[in-house]
Amino acid sequence: MNYEDLMLHAITNAESFKYTAKPNPVVGAILCNENEVISEGYHEVYGENHAEINAILKAEELLGKKFNNFSDLTLISTLEPCSHQGKTGSCAKRIAATGIKNVLIGAIDPNPLVSGKGIKILEENNVKVISGIHKELVESQNSFFFFKHKNRRPYIILKIASSLDGKSHFDNGERTIITSQASRDDVQVLRATCDAILTGGNTVKNDNPRMNARVDFPVNQPKKILLSSKEFEMNLNFFKDGQVKIFKTKDLGEIINSIGSEDISSVLIESGPKLANSFLKLGLIDEIISYTSNMNLGQNAINWFHEENAIEKYGFKLESSYKVDTDLKEIFKKNE
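The structure presented is a predicted model; accordingly, all values stated were derived computationally and were not measured.

> Please explain the sheet that holds strand β1 (residues 28–32) as it appears in this structure.
Each strand in a sheet pairs with another by means of backbone hydrogen bonds, the pair being arranged parallel or else antiparallel. Strand order in the open sheet formed by five strands is β2-β1-β3-β4-β5, with mixed pairing between adjacent strands. Among the strands making up the open sheet, the edge pair consists of β2 (37–42) and β5 (128–131). Mean inter-strand twist for the sheet, computed between neighbouring axes without regard to direction, equals 15°. Set on the sheet, helix α3 (residues 51–60) makes contact with β1, β2 and β3 (74–79); between it and β2 the angle comes to about 140°.

Structure follows, in structure tokens:
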């Protein structure tokens, strides 16, 4: 069997569950013998079976039909099998208990609760382990997850909707719709990729947003985070679906550290210029996604930034730029 090709197959198919496995990483697992693939398993839903367990359960149904003993099989897993008892049991212990003798791993889990410990459990049970097969692809596929455990905080994306003259909204406090419906639909998918959405009190008060991911596919809705010392009526759209975590402190570093201690690997900031610039000045933004319309709002509107080329001056580099209907979508990432 070509194990590199099978690893690629597992990585590719695991991608199908990126909206329902989050905030966990997506993982694929394949059980095979020398001649054929016996079963495949994927981490499909957060809180349910991991990929390796699903592959084992499917293989058990074929025991005595397609193969006679688990010791004849090789397990291919895109990510190191977990060692700890979380929402599900230890995958590494379950693998060892089956009698599987060969395990191939894409990338080692960066989570300190797991990292290297899953491999240790396997090796202590006489399982031969090889790791690093398409490691870069696995890390790229789960970039938020790897970023969080490397940097001890979630990956933070700032989304802005700007007029052609660099404005956010009119200064009368009324909601200002700047971008096209196509751009607003694109934002729904962006929300679906993130574990949490963070905003400020003025945005909730003035815009009355729902800030959920309104998409036509299954998704674990992002958690909601509100930064405000104000009191709000709970019948506002923002509070209607999903639990909201409210921070009244103005210490943004403290807030991000608190969020980082939870199952949150990525945060999307959707706020007004004041809060957005506060995060930028502290160097807490990793990526900016900007939607610019062909509309001018004029002098009676609020600027996103107070100086020219502010995004570049904050240390961001343009990664991609393309049209979404009549708008321009640009993605900026922090210079490393």
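> For this particular structure, what's the right way to read the environment of E330?
One can find E330 in strand β15 (residues 327–334). Spatially, the C-alpha atom of E330 lies 8.1 Å from that of I288, the residues being 42 residues apart in sequence. Non-local contacts of E330, meaning those with residues more than four positions away in its chain, are made with I288, I289, S290, T292, L318, S320 and S321.

> Hey, could you run me through helix α7 (residues 143–151) in this one?
Each full turn of the α-helix corresponds to 3.6 residues, which orients residues three or four apart in the same direction. Those residues of α7 not exposed but buried are F145, F146, F147 and K148. Elements that come into contact with the buried residues of α7 comprise β3, β4 (102–107), α6 (135–141), β6 (155–162) and α10 (252–260). R152 sits one or two positions beyond α7 and adopts a positive phi of about 60°.

> So what exactly am I meant to see when it comes to unusual backbone geometry here?
Of note, the amide linkage connecting K22 to P23 takes the cis form, showing an omega dihedral of 10°. With respect to the helices and strands, P23 occurs in the loop between α2 (18–21) and β1. Non-glycine residue M211 carries a positive phi angle of around 55°. Position of M211 among the secondary structure elements: in the loop between α9 (201–207) and β9 (223–227). On the basis of relative accessibility, which here comes to 4%, the residue M211 falls in the buried class. One non-glycine residue, N309, lies in positive phi territory at about 50°. On the secondary structure map, N309 appears in the loop between β13 (301–303) and α12 (310–313).

> Which parts of the structure should I look at to understand the environment of I119?
As for its position among the elements, I119 is in helix α5 (residues 117–124). As a C-alpha pair, I119 and E139 span 20 residues in sequence and 18 Å in three-dimensional space. Residue contacts for I119: discarding those within four places in its chain leaves E80, I105, I108 and V129.

> Help me out: how do you make sense of the nonpolar core in this one?
Nonpolar side chains tend to gather and get buried jointly when the protein is soluble and globular. In this structure, L31, F70 and V103 are the most contacted members of the largest nonpolar core, which totals 36 residues. When residues of this core are traced back to their parent elements, those giving at least two are α1 (3–14), β1, α3, β3, α4 (91–98), β4, α5 and α7. With near-sequence residues (within four places) excluded, L31 lies in contact with V37, I38, S39, A55, I56, A59, F70, L73, T74, L75 and I100. By size, the runner-up hydrophobic cluster in this structure holds 28 residues, among which are I156, L227, F247 and I264.

> Looking at this structure, I do not really get α3. What am I missing?
The element α3 is largely enclosed, with a buried count of seven among its ten residues. For α3, the set of buried residues is A51, E52, I53, N54, A55, I56 and A59. Where α3 is buried, its residues touch β1, β2, β3 and α4.

> Got a minute to help me understand the pattern of salt bridges in this structure?
Here the idea is simple: oppositely charged side chains can pair when their charged atoms come close. The full count for this structure, using the stated rule, is nine salt bridges. Residues K159 and E270 are paired through a salt bridge, measuring 3.2 Å at the closest nitrogen-oxygen approach. Here K159 is found in strand β6, whereas its partner E270 is found in the loop between β11 (266–269) and α11 (273–281), with 111 residues between them in sequence. There is no split in this pair, since K159 and E270 are both buried. Taken together, the shared-partner salt bridges in this structure form one network comprising K159, R191 and E270.

> What exactly am I supposed to notice about the environment of D72 here?
You can see D72 is positioned in the loop between α3 and β3. With relative accessibility at 46%, the residue D72 sits in the partly exposed group. For the pair D72 and T179, spaced 107 residues apart in sequence, the C-alpha to C-alpha distance is 58 Å. Sequence-distant contacts of D72, that is, excluding residues within four places in its chain, are made with C32 and N33.

Calculation rules
Residues numbered from 1 in each chain as written. Predicted model: local features only at pLDDT ≥ 70, side-chain atom pairs only at ≥ 80, totals over all residues. Heavy atoms only, no water. Pairing = 2+ DSSP bridges. Helix = DSSP H or I, 4+ residues; strand = E, 2+ residues; numbered from the N terminus. Axes fitted to C-alpha atoms, helices over the stretch in contact; angles between N-to-C directions. Contact = heavy atoms within 4.5 Å. Buried < 20%, exposed > 50% of the residue type's maximum accessible area, 1.4 Å probe, protein only. Core = buried A, V, L, I, M, F, W, Y, C linked by side-chain atoms within 4.5 Å. Salt bridge = Lys/Arg side-chain N within 4 Å of Asp/Glu carboxyl O.

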